[in-house]
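Here is what each chain is made of, one letter per residue.
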Amino acid sequence: MTNKEYADLLLPGVKHTWEEYEKMYPERDLPEGAMVTRYAPSPTGFVHIGALESSFLDKRFAKQSGGICYLRIEDTDQERSIENGISQIIDSLKSFNITFDEGPISETEEKGNYGPYIQTKRADIYRAYAKRLIEEDKAYASFLSKEELDEIREQQMKSKQRIGIYGRYAKDRNLSKEEVLDRINKGEKFIIRIKSPGSFFNKIKVNDLVKGTMEMPENDIDEVIIKSDGIPTYHFASVIDDHLMHTTHVIRGDEWISSLPKHIQFNEMLGFKAPKYVHYAPLTKNDNGTIRKLSKRKDPEAAVSYFTEAGVPKEAIMLYLATVCNSNFEGWLDQNPNGNIDDFKFDFKKIPSSSGTLFDLPKLYNISKNFISRLTKDEVYDRTIEYATKYDEEFKEILEKYPDYSKDIFNIEREQKKPRKDYEKFSDVKGQVWYMYDELFDKYKDEYGYDYQGVTDKEEIKNIINTYIDKYYDVKDDKDTWFNKIKDLSDELGYASNMKDYKENPDNYKGSVADVSTVIRVSLTTRSQTPDLYDILRLLGKERIKERFNLI
RNA sequence: GGCCUGUUGGUGAAGCGGUUAACACAUUGCCCUCUCAAGGCAACAUUCAUGGGUUCAAGUCCCAUACAGGUCACCA
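Predicted, not measured: the structure shown is a model, and the values here were computed from it.

1. Looking at the overall build of chain A
Inference 1: In terms of helices and strands, chain A carries 23 helices and 16 strands.
Inference 2: Relative to the compact-globule value of 24 Å for 552 residues, chain A shows a C-alpha radius of gyration of 33 Å, a clear excess of over 25%.
Inference 3: Residues counted as buried form 35% of the 552 residues belonging to chain A.
Inference 4: When contacts within chain A are restricted to residue pairs at least 6 apart in sequence, those whose partners lie at least 24 apart make up 72%.

This is the structure in structure tokens:
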């Protein structure tokens, strides 16, 4: 029996030979230096912040080099794949403006000439290459059962040996063809393992564009390449796909580093030119003293939805990720405050090579705050409505009822060189402006209560606001005039109109302009801290000012 | 336990043999036309995990130790 006949018996029904597949995936026609990258997730559920980082990096490096970034779905683990997992990934990434040149575009459709881009649809391809390995006597059928495997592992652990199927533990390695076929005919289940040519005592140099050159032992483990369900393992499938799809750079989390010898070996055994590898450190979290990777099960902030639900703009999340990926990005952004991330040139060498980057929430919020401060009033209005539509129906209705008025409110100290920075996220907005709307003011004023500071005597408060409205208030005043009047009011009532004077001789006065303004401010808004009082008075208008004063 | 990687302030980090050890966030203090927000100024690592070595000179090179993270599946 020839090797070819034997391979046919082990893996029957393969439609094409590997040579045919090679022809079906011709070299890509791309300019010199263009990278082909891929984002290759498993469709196991919601989008993790790490997935966002990973896909972002894949896309940026491809695009800035004039290359291609494709999406490939690694669903070889049937048990973990979930319903609609693919469209979930596509849709979430799309909402962050991450789209792909090739790959699935929905659960059932895809684009690009190097597909299919879903691994379970490529089973025939992997089997063709596995057949080739069998023919070349580089792979074999293994009958080791789960129990036997467990036993071997236990034994190895007990005797402190390396764990895995290698050397004398690879006991089906030298089974004759006849024995193998005989056992198959008896109905025994089998899998395909490679016949690893490596030795643990041989060191190989592996190169990584972030970590540099590392020395690691060769892989000597007879890795599984085809599982008993006929589906390949991740390692085998991804090496073949990266080759056929002509991937130039594999960018992934550094948890993959230890698989490098394996991947390099697979490439060699199959005669492929290995892509370049880029391993970056994943986002971590300090969990009561222990630092670990952000976990989607344990950490709510690992899900990007955690931030979008809080109203952190997606752009801010991307800006944060960009600073994590290349720390010099922050300085660049400082120089180009309105710059687009896509204009920044990312560098592999600037990717942190440490063993993890702590996820820094205050930093994210700071970036977010700065981002929101740079938006126009219209943008803030639209985005706040967008947010409120999902999370705050009451506020949404108010905003839609008073569009122009709302925009005026959002424009207080905005659209200028050094804009006001008081919203970290869109969920902050309502808490800062509710008192500007009568409906909300009526509803919440008692709940929050009037926060008088300094001057708390009821009669004195009445005195201040009555004097102000009767003698000094004039809608037509500009800001300087307005403030001079506040000063006059202060003088009249025995408060220092000049802060310096007051600080030097506090005993000469009942208080200062600050106290007078605070009384007016609190009487109108209940809050002792608000944006500019002049703007608030201006927007509230005479009628409302009077009404609110009358409530006191 | 084996194999990899890493260790610079509260955090993220720059640094690539000679610098006062950048910068950003956070914190604290002061200043600033009414409170906030912002802004300005300042403070915050006598020291780069520890111990050796190389060198005129070391965070930067070498060795050892400690600690941390990753990984050792018919999961990706």
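Anyway, onward from the coordinates.
2. Some words on the sheet that holds strand 14 (residues 357-358)
Inference 1: Spatial ordering of the open sheet is given by 13-12-14, a layout of three strands whose pairing is mixed. Edge positions in the open sheet fall to strand 13 (290-293) and strand 14, since each of these has one partner strand only.
Inference 2: Across two bridges, strand 12 (residues 283-287) lies against strand 14 in parallel orientation. Paired with Leu283 across the two strands is Thr357, which belongs to strand 14.

3. Some points on the environment of Ser295
Inference 1: Within the element layout of this structure, Ser295 appears in the loop between strand 13 and helix 10 (304-310).
Inference 2: Exposure remark for Ser295: the 13 C-beta atoms within 10 Å place this residue in the partly exposed category.
Inference 3: For the pair Ser295 and Lys285, spaced ten residues apart in the sequence, the C-alpha separation amounts to 8.7 Å.

4. Points about helix 3 (residues 49-64)
Inference 1: Relative to the 22 Å expected for 16 residues at 1.5 Å per residue, helix 3 spans 22 Å between its end C-alpha atoms, a close match to the ideal helical length.
Inference 2: Across the 16 residues of helix 3, 14 count as buried, placing the element largely inside the fold.
Inference 3: One or two steps after helix 3, the chain reaches Gly66, where phi turns positive at roughly 75°.

5. Remarks on unusual backbone geometry
Inference 1: In the segment running from Gly115 into Pro116, the intervening peptide bond is cis, with an omega of -5°.
Inference 2: Inspection of the secondary structure puts Pro116 in the loop between strand 4 (110-111) and helix 5 (123-135).
Inference 3: Despite not being glycine, Asp137 shows a phi value in the positive range, around 60°.
Inference 4: If you trace the backbone, Asp137 turns up in the loop between helix 5 and strand 5 (139-142).

6. Quick notes on the protein's contact with RNA strand B
Inference 1: Close to RNA strand B lie 66 residues, the nearest being Glu74, Asp77, Ser228, Tyr234 and Ser517.
Inference 2: Residues of the surface near RNA strand B, tallied by class, amount to 21 nonpolar, 22 polar and 23 charged.

7. Description of helix 15 (residues 393-401)
Inference 1: Of all the residues in helix 15, the buried ones are Phe395, Ile398 and Leu399. Looking straight down helix 15, one finds that the buried residues subtend no more than 100° of arc, so they occupy a single side. Exposed residues lying more than 90 degrees from the buried face of helix 15 are Glu393 and Lys401.
Inference 2: Along its buried surface, helix 15 packs onto helix 14 (377-391), helix 16 (403-410), helix 17 (429-433) and helix 18 (438-448).

8. Quick word on the packing of helix 19 (residues 458-472) against helix 20 (residues 479-493)
Inference 1: Direction vectors running N to C along helix 19 and helix 20 enclose 125°, while the axes themselves pass 11 Å from each other. Judged on the interaxial angle alone, helix 20 and helix 19 are oblique. Crossing geometry of helix 19 relative to helix 20 is assigned as right-handed. On helix 20, the residues that touch Ile464, Thr467, Tyr468 and Tyr472 of helix 19 are Lys485, Asp488, Leu489, Glu492 and Leu493.
Inference 2: Classifying every residue of the contact of helix 19 with helix 20 gives five nonpolar, one polar and three charged.

9. Structural notes on the confidence of the model for chain A
Inference 1: For chain A, the average pLDDT comes to 90, and 100% of its residues sit at 70 or higher.
Inference 2: For this predicted complex, the interface confidence reaches an ipTM of 0.92, while the overall pTM sits at 0.91.

10. Some words on the domain arrangement of chain A
By a widespread convention, an interface's size corresponds to the accessible area lost as its parts come together.
Inference 1: Under the domain assignment, chain A is made up of domain 1 (31-117), domain 2 (123-280), domain 3 (295-346 + 358-373), domain 4 (377-447) and domain 5 (458-551).
Inference 2: The C-alpha-based centres of domain 1 and domain 3 are spaced at 21 Å.
Inference 3: With 14 residues of domain 1 at the contact, the number on the domain 3 side is eleven residues.
Inference 4: Sorting the residues of the side of domain 1 that touches domain 3 by element identifies helix 3 and helix 4 (85-95) as the ones contributing at least two each.

11. Remarks on the sheet that holds strand 9 (residues 224-226)
Inference 1: An order of 5-6-9 is seen for the three strands of this open sheet, with the pairing classed as antiparallel. Here the strands that pair on one side only, and so sit at the sheet edges, are strand 5 and strand 9. Each neighbouring strand pair of the sheet contributes to a mean axis angle of 45°, computed without reference to strand direction.
Inference 2: Note: strand 6 (residues 191-194) against strand 9, two bridges, orientation antiparallel. Across the sheet, Ile192 pairs through a bridge with Ile226, a residue of strand 9.

12. Side note on the nonpolar core
Inference 1: The biggest cluster of nonpolar side chains holds 75 residues, and the ones touching the most others in it are Leu52, Tyr70, Ala316, Ile317, Tyr320 and Leu321.
Inference 2: By residue number, the principal contributor to this core is helix 11 (residues 314-325), which donates eight residues.
Inference 3: Those residues in contact with Leu321 that lie beyond four places of it in its chain are Leu52, Glu53 and Phe56.
Inference 4: Counting 26 residues, the second largest nonpolar core, distinct from the first, contains Leu10, Tyr140, Phe236 and Ile240.

13. A closer look at the packing of helix 8 (residues 234-244) against helix 9 (residues 260-270)
Inference 1: Viewed as axis vectors pointing N to C, helix 8 and helix 9 meet at an angle of 55°, and their least axial separation amounts to 10 Å. Comparing their axes, helix 9 and helix 8 come out oblique. As helix 8 runs across helix 9, the sense of the crossing is right-handed. In contact with His235, Phe236 and Val239 of helix 8, helix 9 contributes Lys262, His263, Phe266 and Asn267.

14. Focus on the environment of Glu22
Inference 1: Of note, Glu22 is situated in helix 2 (residues 18-24).
Inference 2: On the basis of neighbour count, Glu22 is assigned to the partly exposed category, with 15 C-beta atoms found within 10 Å.
Inference 3: Measuring from C-alpha to C-alpha, the distance between Glu22 and Leu244 comes to 7.0 Å, with 222 residues separating the pair along the chain.

The rules we used
- Residues numbered from 1 in each chain as written.
- Chains lettered and ligands numbered in written order.
- Predicted model: local features only at pLDDT ≥ 70, side-chain atom pairs only at ≥ 80, totals over all residues.
- Helix = DSSP H or I, 4+ residues; strand = E, 2+ residues; numbered from the N terminus.
- Rg over C-alpha atoms; globule rule 2.2 N^0.38 Å.
- Buried ≥ 20, exposed ≤ 12 C-beta atoms within 10 Å, placed from the backbone.
- Contact = placed C-beta atoms within 7 Å.
- Pairing = 2+ DSSP bridges.
- Expected span 1.5 Å × (residues − 1).
- Near = placed C-beta within 6 Å.
- Nonpolar A, V, L, I, M, F, W, Y, C, P; charged D, E, K, R; others polar.
- Arc of directions from axis to C-beta.
- Axes fitted to C-alpha atoms, helices over the stretch in contact; angles between N-to-C directions.
- Parallel < 35°, antiparallel > 145°, perpendicular 65-115°, else oblique.
- Left-handed = near helix turned anticlockwise from the far one by under 90°.
- pLDDT = per-residue confidence, 0-100.
- Domains from an automatic or database assignment.
- Core = buried A, V, L, I, M, F, W, Y, C linked by C-beta atoms within 7 Å.

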